[in-house]
Amino acid sequence: MLSRKYRGKKSVEERKNVYLFQQLRDKVAEFLGTPGSTTNKNTVIFDEFVADPKIYVDYLAKRRKGNGGLMKPSVYKSYRASLSFLFWRYEFQVPEQFSSRLKTYMDGIKRLANKARQCGEGNIEDGKRPLNFELFLQFNKWFLEMGTYEGIYALAYSLATFNLACRGDSTLMICLKHLMWKGDATGVPFSHSKEEQLGDDPTKRLPRFCFGNPFIQAADFISGIFLYIATNPELIDNKDGPLFPGAKDSHSTKFSNTLKIILKDPVKRAIIQKQYAFDPDDIGVHSWRKAAQTKMSCGSTAGPTNSAACIRGGHSIGAVRDVYVVQEKASDQYCGRILAGLDELSAAFAVSYPDFVPIEVMKSFDWMFDEGEDRSVKKGVPEEDYDEKKKEVNAEVEEVLNCIFTHERLEKFPTIHRFLEVGLASFLIHSKTIAECIPSTSTLLHLPLFTMTKVYKLKQHVRIAMPWDDHYKYFSQSTGIPPHVINYQHFAEIKELIKKLPTQFEESLDARQFNGAISLPQMKELMKEAQSEQNAAMAADIATIKKAMEDGKLLSVDSSPDEEEDPDYGKQFDLHLHPDGTLRKVPPDWTFPMNQLQQMYQYWHCGNQLQKICPMKYFHSSDVSFLGDSTRIRLNEVKQLMEIIDKTASQNGAKPTKKMNMTSTNTCFLRGKVGLKIPTTTPTGRKRDIGRLKWSSAITYLPKASKKRRVD
């Protein structure tokens, strides 16, 4: 039998060395036995080892880089720390003379290594370089442009690590229930971290506040996390589960591998080197945490206190100060706004979170003025009108969230609803930027978040506000705003008033009256007011007539495709002309969806409303033939899976119909997925989520006779 051809970059000699080294490790591990709380066998003769420190010094002197150069002082320091751990592990009492002599040698080694570094050998910086904020945004944009589940994962991991200024291990320990909405921000608590492993300090468990950024999509924590959860809706099945499920090593490697894809791209490497003056080899996972700490402490001269930045980043500030200087909400919220990328040297730093506020902001203050009342005074919207409209919009938002995440899931996890609601508003704020970044061939565009027209109809109701805006009363109180930001707004208002003074002075001169005559500007103003009143009256009459026609069934109310009762629903979508002159139900740049099973079921019954692509169940083989013969087989396999789910759903009381909306589709899937008879556990004993399984993997569980069947 022929062996599989090796496709790596290592030479034969390098692979031999790797193999021999692994064999040596296995033999050593076999000799030492299974590790436990106590050692099994001695590996060092300690009495002879500590008799002469030069034995260890000679070992350190031989530790060199691949090019023969000296290592950094911190590397030699880590070797010394490993030796101390070895002594502790074997409970060996180190002689004082050995410790003092070794310290002298270590100082000399580090002195030489540091001098070599100053003379140009290696980098002066220790470890990976911290990203600057612009490069952090660039990486987030590149992650999104990948258009893959891995790219969305990397974007969420990047935003979470940066905004929380935490270690990678802490990021992986965030649970879904930790995404707590706290007024105007998300609070994420940590009960365990590197500096607080025992949980003795209750102040360390206070939440770290993460704010949104409605101005910069690449820096927006809320929309990034929402996009990640929306593309993986099965996450909220377990509210006690992690936000990034799986083994720690696998997930840190997952982000690292995605980062390596970016760093290996020649075009992106050139941009990093030329535009940002970074060596790509100096960038690693730890660069994100360093970047966050640098942004907080050194991003501007108006940054938070050193204590606030250290507490946010999980750094000790000393035994005494750790006792007397504790975390408070105000300082942490200020840190949160800075890490969100808001400009602390601008009044926009005080911006609110995006929310669904169903009013026309600029026109909402001109209503029912009494005769003779000053119309320049803004009175606002009547509370009863606002409450009624708010209920309607809330119902629409609820329906969209149910379509994306399913009603059954949200009903079991109601506390995450507010975060998802604000997340949806944040996503809509940045929807244009996100659509421009994700490639048109990405399989993500087949998900309900990008296919339902109902989602994008809600964008007209998304608002943000500043504390000094009149409609700010519809938002929660802003937090983390320093006094100087409010002063920026006061200065801007004063500057605007000064700019208007010459114009106002000229207008007052032009409006002078002589001998009781009316000036030309006054006549224009009177005519404008009369015309405005006439237009308002006409608009009211038209609205009354329209309402009467609607009540009398004389005028049909506009409805979304999900609500229409049309037996020919599948024929209402567009046909697309292809280069070969054939009309098909999909556009020429369409790609076959390779999504998770539930998402594929949604596309099968609902299609893509935004691109006017009919549900996939109406496809014929000719509609996908331009993608190759294998695509016809894929369509056939998907049809087999969907028929099994539909049949089982009908047996369980949820019969699919010819025309379905997203809510009924989700219900049918939850009741019909058991018909696939896919094992609920993996061969390793791990629980399997059938909805998260790719449809291409699910087809392998069908009986062989079923897979041989072909449909014309």
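S.K.: Which parts of the structure should I look at to understand the overall build of the chain?
M.R.: Of the regular secondary structure elements, the chain holds 29 helices and 7 strands. A burial count over the chain gives 42% of its 712 residues as buried. Put simply, 70% of the contacts in the chain that link residues at least 6 apart link residues at least 24 apart. Summing over all exposed atoms, the chain offers an accessible surface of approximately 39800 Å²; the carbon and sulfur share of this is 55%.

S.K.: Would you mind showing me how to read the packing of helix H26 (residues 629-651) against helix H27 (residues 662-672) here?
M.R.: In a packed pair of helices, the relevant descriptors are the angle between the two axes and the axis-to-axis distance. At a minimum axis separation of 7 Å, H26 and H27 run at an interaxial angle of 90°. With respect to their mutual orientation, H26 and H27 come out roughly perpendicular. Facing Ile 644, Ile 645, Thr 648 and Ala 649 of H26, the residues of H27 in contact are Cys 668, Phe 669, Arg 671 and Gly 672. Here the contact of H26 with H27 is built from residues that sort into 5 nonpolar, 2 polar and 1 charged.

S.K.: Before we go on, may I ask you to explain helix H24 (residues 597-606) in this structure?
M.R.: Residue pairs three or four apart in sequence face the same way in an α-helix, which turns once every 3.6 residues. H24 sits mainly inside the fold: 10 of its 10 residues count as buried. Looking only at H24, the buried set comprises Leu 597, Gln 598, Gln 599, Met 600, Tyr 601, Gln 602, Tyr 603, Trp 604, His 605 and Cys 606. Just beyond H24, the residue with positive phi is Gly 607, at close to 70°.

S.K.: Where do I start with unusual backbone geometry in this structure?
M.R.: Backbone phi values are negative for most residues with the exception of glycine, while trans is the configuration of most peptide bonds. Non-glycine residue Ala 165 carries a positive phi angle of around 50°. For Ala 165, a relative accessible area of 0% puts it in the buried group. Positive phi outside glycine occurs at Ala 277, with the angle close to 55°. Position of Ala 277 among the secondary structure elements: in the loop between helix H11 (266-274) and helix H12 (286-298).

S.K.: Looking at this structure, I do not really get the packing of helix H6 (residues 133-145) against H11. What am I missing?
M.R.: Close contact between H6 and H11 brings their axes to 12 Å; oriented N to C, the two are set at 170°. If you check the angle between H6 and H11, you find them roughly antiparallel. Across from Leu 135, Phe 139 and Trp 142 in H6, the residues of H11 making contact are Lys 268, Ile 271 and Ile 272. Looking at the contact of H6 with H11 residue by residue, the class counts come to 5 nonpolar, no polar and 1 charged.

S.K.: What should I look at first to understand a nonpolar patch on the surface in this one?
M.R.: Judged by side-chain polarity, Phe 491, Ile 494, Ile 498 and Leu 501 come together as a nonpolar surface patch covering roughly 430 Å² of accessible area. Examined against the element boundaries, Leu 501 turns out to sit in helix H22 (residues 483-510).

S.K.: Mind showing me how you'd approach a negative patch on the surface here?
M.R.: Taken together, Glu 384, Asp 385, Asp 387 and Glu 388 make up a surface patch of like negative charges. The topology assignment puts Glu 388 in helix H16 (residues 383-405). Relative accessible area serves as the criterion here: at 52%, Glu 388 is assigned to the exposed category.

S.K.: What is the right way to read the packing of aromatic side chains from this model?
M.R.: Summed over all chains, the structure comprises 36 aromatic pairs. Arranged with centres 5.7 Å apart and planes meeting at 55°, the rings of Phe 46 and Phe 87 form a pair that is tilted. Placement of the pair is Phe 46 in helix H2 (residues 46-49) and Phe 87 in helix H4 (residues 73-89), with a sequence separation of 41 residues. Taking the relative accessible area as the measure of exposure, Phe 46 reaches 9% and is therefore buried. Residue classification places Phe 87 among the buried residues on the basis of a relative accessible area of 4%. For the pair Trp 590 and Phe 619, a centre-to-centre distance of 5.8 Å together with 70° between the ring planes defines the contact as edge-to-face. You can see Trp 590 sitting in the loop between strand E7 (583-584) and H24 and its partner Phe 619 sitting in the loop between H24 and helix H25 (621-624), a full 29 residues away along the chain.

S.K.: Would you mind going over the nonpolar core with me for this structure?
M.R.: Grouped burial of nonpolar side chains is what soluble globular proteins tend to show. By size, the foremost hydrophobic cluster in this structure holds 100 residues, and its most contacted members are Phe 139, Ile 229, Trp 288, Phe 405, Leu 424 and Leu 449. A total of 11 residues in this core trace back to one element, the largest contributor, which is helix H7 (residues 149-164). Contact partners of Leu 424, with chain neighbours within four places excluded, come to Phe 226, Phe 356, Val 397, Val 400, Leu 401, Leu 449, Val 455 and Leu 458. Ranked by size, the runner-up nonpolar core spans 33 residues in total, among them Cys 614, Met 642, Ala 654 and Ile 678.

S.K.: Where do I start with the sheet that holds strand E2 (residues 186-188) in this structure?
M.R.: What the 3 strands build is an open sheet, ordered E1-E2-E3; its pairing is antiparallel. Every interior strand has two partners, whereas the edge strands, strand E1 (180-181) and strand E3 (208-210), have only one. Across 3 bridges, the pairing between E2 and E3 is antiparallel. Counted as the bridge partner of Thr 186 is Cys 210 from E3.

S.K.: Looking at this structure, I do not really get H26. What am I missing?
M.R.: With 23 residues, H26 extends 34 Å from end C-alpha to end C-alpha; this agrees with the ideal 33 Å at 1.5 Å per step. For H26, the set of buried residues is Thr 631, Leu 635, Asn 636, Val 638, Gln 640, Leu 641, Met 642, Ile 645, Asp 646, Thr 648 and Ala 649. Following H26 by one or two positions, Gly 653 adopts a phi angle in the positive range, close to 90°.

S.K.: So what exactly am I meant to see when it comes to the pattern of salt bridges here?
M.R.: When the charged atoms of two side chains with opposite charge come close together, those side chains can pair. If you walk through the whole model with that rule in mind, you get 12 salt bridges. For Asp 265, the salt bridge is made with Lys 268, and the minimal N-O distance between the two is 3.9 Å. Where Asp 355 meets Arg 418, a salt bridge forms, and the shortest distance between an N and an O atom there is 3.0 Å. On the criterion of sequence distance, the pair formed by Asp 355 in strand E4 (residues 355-356) and Arg 418 in helix H18 (residues 417-429) is long-range, its members being 63 residues apart. Under the relative-accessibility criterion, Asp 355 is labelled buried at 4%. Because the salt bridges share partners, they merge into one network encompassing Asp 355, Arg 418 and Glu 421.

S.K.: Got a minute to help me understand the state of the cysteines in this structure?
M.R.: Note on terminology: disulfide describes a covalent bond linking the sulfur atoms of two cysteines. All chains considered together, the criterion is met by 0 disulfides. Free of any disulfide, Cys 403 has its nearest neighbouring cysteine sulfur in Cys 606, separated by 7.7 Å. Cysteine Cys 668 remains unbridged, with the sulfur of Cys 606 as its closest cysteine sulfur at 9.8 Å. Given the relative accessible area of 4%, Cys 668 is considered buried.

S.K.: Whenever I open this one, the side chain of Gln 293 confuses me. Can you help?
M.R.: With respect to the helices and strands, Gln 293 occurs in helix H12. On the basis of relative accessible area, Gln 293 is assigned to the buried category, the value being 16%. Setting aside its immediate chain neighbours within four residues, Gln 293 contacts Ala 309, Cys 310, Gly 313 and His 315.

S.K.: Explain the environment of Gln 477 here, please?
M.R.: Among the structural elements, Gln 477 can be located in the loop between strand E5 (462-463) and H22. Note on Gln 477: relative accessible area 60%, which makes it exposed. The spatial distance from the C-alpha of Gln 477 to the C-alpha of Ser 352 is 8.6 Å, given a sequence separation of 125 residues. Once residues within four sequence positions are removed from consideration, Gln 477 is found in contact with Asp 184 and Tyr 472.

S.K.: Honestly, the confidence of the model for the chain in this entry has me stumped. Any pointers?
M.R.: Reading fine detail from the predicted coordinates is not recommended where pLDDT is low. In the predicted model, the chain carries a mean pLDDT of 81, and the fraction of residues at 70 or more is 81%. When the criterion is pLDDT under 50, residues 361-370 qualifies, and its contacts beyond four places in sequence or with other chains add up to 20 contacts. Contacts of residues 552-565 to residues separated by more than four positions or lying in other chains number 22 contacts, the stretch itself having pLDDT below 50.

Procedures and definitions
Residues numbered from 1 in each chain as written. Predicted model: local features only at pLDDT ≥ 70, side-chain atom pairs only at ≥ 80, totals over all residues. Heavy atoms only, no water. Helix = DSSP H or I, 4+ residues; strand = E, 2+ residues; numbered from the N terminus. Buried < 20%, exposed > 50% of the residue type's maximum accessible area, 1.4 Å probe, protein only. Contact = heavy atoms within 4.5 Å. Areas by Shrake-Rupley, 256 points an atom, 1.4 Å probe, with all protein chains shown as cover. Axes fitted to C-alpha atoms, helices over the stretch in contact; angles between N-to-C directions. Parallel < 35°, antiparallel > 145°, perpendicular 65-115°, else oblique. Nonpolar A, V, L, I, M, F, W, Y, C, P; charged D, E, K, R; others polar. Patch = residues over 30% accessible without salt bridge, like charges linked within 9 Å, V, L, I, M, F, W, Y side chains within 5 Å. Salt bridge = Lys/Arg side-chain N within 4 Å of Asp/Glu carboxyl O. Lys, Arg positive; Asp, Glu negative; His and termini not counted. Charge placed at Lys NZ, Arg CZ, Asp CG, Glu CD. Phe/Tyr/Trp six-rings, centres within 6.5 Å; stacked < 30°, edge-to-face > 60°. Core = buried A, V, L, I, M, F, W, Y, C linked by side-chain atoms within 4.5 Å. Pairing = 2+ DSSP bridges. Expected span 1.5 Å × (residues − 1). Disulfide = S-S within 2.5 Å. pLDDT = per-residue confidence, 0-100.

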